[in-house]
Amino acid sequence: MRVPWQVKFGALALIWGGSFLLMKIGLQALEPVQISTLRIASGAATVLLTALVMGVRLPPWGRVWGHLFVAGLVLCSVPFTLFPLGEERVSSALAGIGNATTPLSAVLFTMLLLPADRVDRRTVLAVVAGFVGVVVIMQPWESDGRPDVVGFAMTLLAGASYGLGWTYVKRFLAKDDIGGLGMPAAQLLMGAAQMLAVTLVWWLLHREAEPTGIPAPWSPVPGAGPVLWPVVAILVLGVVGTGLAFVLQYDVVREVGPTVGATVTYVIPVVAVVLGTVFLHERLQWPQVAGAAIVLASAVAIGRVRRRPVALPEGEVLEELTPSASSRTSTR
């Protein structure tokens, strides 16, 4: 039975919007570094297994793997670690809003790394408006009641890392894309290797710390409660949110094109806010709601102004803002 693309689209919005809720649950028993490592490793295993079943090959060894190392760093390791770090300080709803700034940062990095790609005045104005929205969310004029500046800044840096990653991929990897799941599988593989090394170093630095020594790299947070559901939450985040979600996105883009597929980006913060409100009883103050609306409106405006379709090897379309749909394993 063929699953309609609308169902897959809805599943993507729910999966990626729910990733912030799952990270919040994972933080009940796991450190941010452990969450990132488990997420990327399980996501890589899922995509690699899917690619193997489909008979998709990895990119040939050479300079492309150096670029994949960077792509794995800025599209996986850095944002997947910064988001849970930020959620130690801010709500999952606010982290979802921080993710919405990705299109804004993508424009800025395009101006820096792809000077041949002209950025028109309307796009620049949309970016400026988006950052005004960020200022409104942070409420610098308030001394009490505003979001934790460091925590929210981490979520903004995570979103900016996606923007940098997409731009980097467009500049250095677009011509090497072999199609299918090969590039994203390799990218996740590099991210998993990076996070395994980071986790080992993190553990060596904390194993003898008093009074919160970590006996093993996989040990839960000292004094944490039951670990079953936090671990299950992150495995779901990795297998479903970082592995299966990419396959769903690939199917949606193939069926209806990237113009429709890319609109899921604008639904994710809404889903994150709703889930955080319903399940975690989180509340946003009116400046955060107003600022989020400004940021989302700016992201939508950028998407409408800057779409320029270009054919990709697997029959997808490359949009100027999102350099390679096939290299984007998960941006949430």
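Treat the numbers as computed from the prediction; the structure is a model and nothing was measured.

(A) Representation of the pattern of salt bridges within the structure. For the structure on display, the rule yields 2 salt bridges. The shortest N-O distance in the salt bridge between Arg-89 and Asp-148 comes to 3.4 Å. On the criterion of sequence distance, the pair formed by Arg-89 in the loop between helix H3 (63-87) and helix H4 (92-99) and Asp-148 in the loop between helix H6 (121-138) and helix H7 (149-172) is long-range, its members being 59 residues apart. What makes Asp-148 partly exposed here is its relative accessible area of 29%. Asp-117 is paired through a salt bridge with Lys-170; the nearest N and O atoms lie 2.8 Å apart. Note that Asp-117 is positioned in the loop between helix H5 (102-113) and H6 and Lys-170 in helix H7, a separation of 53 residues in sequence.

(B) Representation of the packing of H3 against helix H8 (residues 182-206). At a minimum axis separation of 7 Å, H3 and H8 run at an interaxial angle of 65°. One way to sum up the angle between H3 and H8 is to call them roughly perpendicular. Seen from above, H3 lies across H8 with right-handed handedness. When H3 is examined against H8, the residues Val-64, Trp-65, Leu-68, Phe-69, Ala-71, Gly-72, Leu-73, Leu-75, Cys-76, Ser-77 and Thr-81 are found in contact with a partner set consisting of Met-183, Ala-186, Gln-187, Leu-188, Leu-189, Met-190, Gly-191, Gln-194 and Met-195.

(C) Broad picture of the nonpolar core. Counting residues in each nonpolar core, the largest one holds 56 residues, and the members touching the most others are Leu-12, Trp-16, Phe-20, Ile-40, Leu-68, Phe-83 and Leu-173. Mapped onto this core, the elements with two or more residues apiece are helix H1 (5-26), helix H2 (32-54), H3, H7, H8, helix H9 (228-256) and helix H11 (264-280). Sorting elements by how many residues they give to this core places H3 first, with 10 residues. Leaving out residues up to four positions away in the same chain, Leu-173 has contacts with Val-64, His-67, Leu-68, Ala-71, Tyr-168 and Met-183. Membership of the second largest hydrophobic core comes to 12 residues, among which are Leu-94, Ala-100, Val-134 and Leu-296.

(D) Fine view of the packing of H1 against H3. Running from N to C, H1 and H3 point in directions that differ by 65°, and their axes come no closer than 9 Å. Read as a crossing pair, H1 and H3 show a hand that is right-handed. Contacts between H1 and H3 pair Phe-20, Met-23 and Lys-24 from the former with Phe-83, Pro-84 and Glu-87 from the latter. Classifying every residue of the contact of H1 with H3 gives 4 nonpolar, no polar and 2 charged.

(E) Structural view of the packing of aromatic side chains. Under the criterion given, the structure shown has 5 aromatic pairs. With a centroid separation of 4.5 Å and 45° between ring planes, the pair formed by Tyr-168 and Phe-172 is classed as tilted. Placement of both Tyr-168 and Phe-172 in helix H7 is noted, with a separation of 4 residues, approximately one turn of the helix. A relative accessible area of 28% places Phe-172 in the partly exposed class. The ring of Phe-80 is capped by Arg-39, whose NZ or CZ atom sits 3.7 Å from the centre of that ring. Just above the ring of Trp-203 sits the side chain of Arg-207; from NZ or CZ to the centre is 5.3 Å.

(F) Geometry of unusual backbone geometry. The backbone of Gln-139 shows a phi angle near 50°, a positive value even though the residue is not glycine. Tracing the sequence through the fold places Gln-139 in the loop between H6 and H7. Residue His-281 is not a glycine yet carries a positive backbone phi of 55°. Mapped onto the secondary structure, His-281 falls in the loop between H11 and helix H12 (286-305).

(G) Inspection of a nonpolar patch on the surface at higher detail. Nonpolar side chains collect at one region of the surface, where Leu-108, Met-111, Val-124, Val-128, Phe-131 and Val-132 lie side by side and expose about 470 Å² of accessible area between them. Put simply, the parts of the chain that give the nonpolar patch at least two residues each are H5 and H6. With a relative accessible area of 46%, Val-128 lands in the partly exposed category.

(H) Representation of the environment of Pro-147 within the structure. Counting through the fold element by element, Pro-147 comes out in the loop between H6 and H7. Separated by 58 residues in the primary sequence, Pro-147 and Arg-89 have C-alpha atoms spaced 8.5 Å apart.

(I) Spatial organisation of the environment of Val-134. When you line up the elements, Val-134 lands in helix H6. In this structure, the C-alpha to C-alpha distance between Val-134 and Gly-291, residues 157 residues apart in sequence, is 6.0 Å. In this view, Val-134 contacts Thr-101, Phe-152, Leu-156 and Val-295; residues no more than four positions away in its chain are not counted.

Rules used throughout
- Residues numbered from 1 in each chain as written.
- Predicted model: local features only at pLDDT ≥ 70, side-chain atom pairs only at ≥ 80, totals over all residues.
- Heavy atoms only, no water.
- Salt bridge = Lys/Arg side-chain N within 4 Å of Asp/Glu carboxyl O.
- Helix = DSSP H or I, 4+ residues; strand = E, 2+ residues; numbered from the N terminus.
- Buried < 20%, exposed > 50% of the residue type's maximum accessible area, 1.4 Å probe, protein only.
- Axes fitted to C-alpha atoms, helices over the stretch in contact; angles between N-to-C directions.
- Parallel < 35°, antiparallel > 145°, perpendicular 65-115°, else oblique.
- Left-handed = near helix turned anticlockwise from the far one by under 90°.
- Contact = heavy atoms within 4.5 Å.
- Core = buried A, V, L, I, M, F, W, Y, C linked by side-chain atoms within 4.5 Å.
- Nonpolar A, V, L, I, M, F, W, Y, C, P; charged D, E, K, R; others polar.
- Phe/Tyr/Trp six-rings, centres within 6.5 Å; stacked < 30°, edge-to-face > 60°.
- Lys NZ or Arg CZ within 6 Å of the ring centre and 35° of its normal.
- Patch = residues over 30% accessible without salt bridge, like charges linked within 9 Å, V, L, I, M, F, W, Y side chains within 5 Å.
- Areas by Shrake-Rupley, 256 points an atom, 1.4 Å probe, with all protein chains shown as cover.

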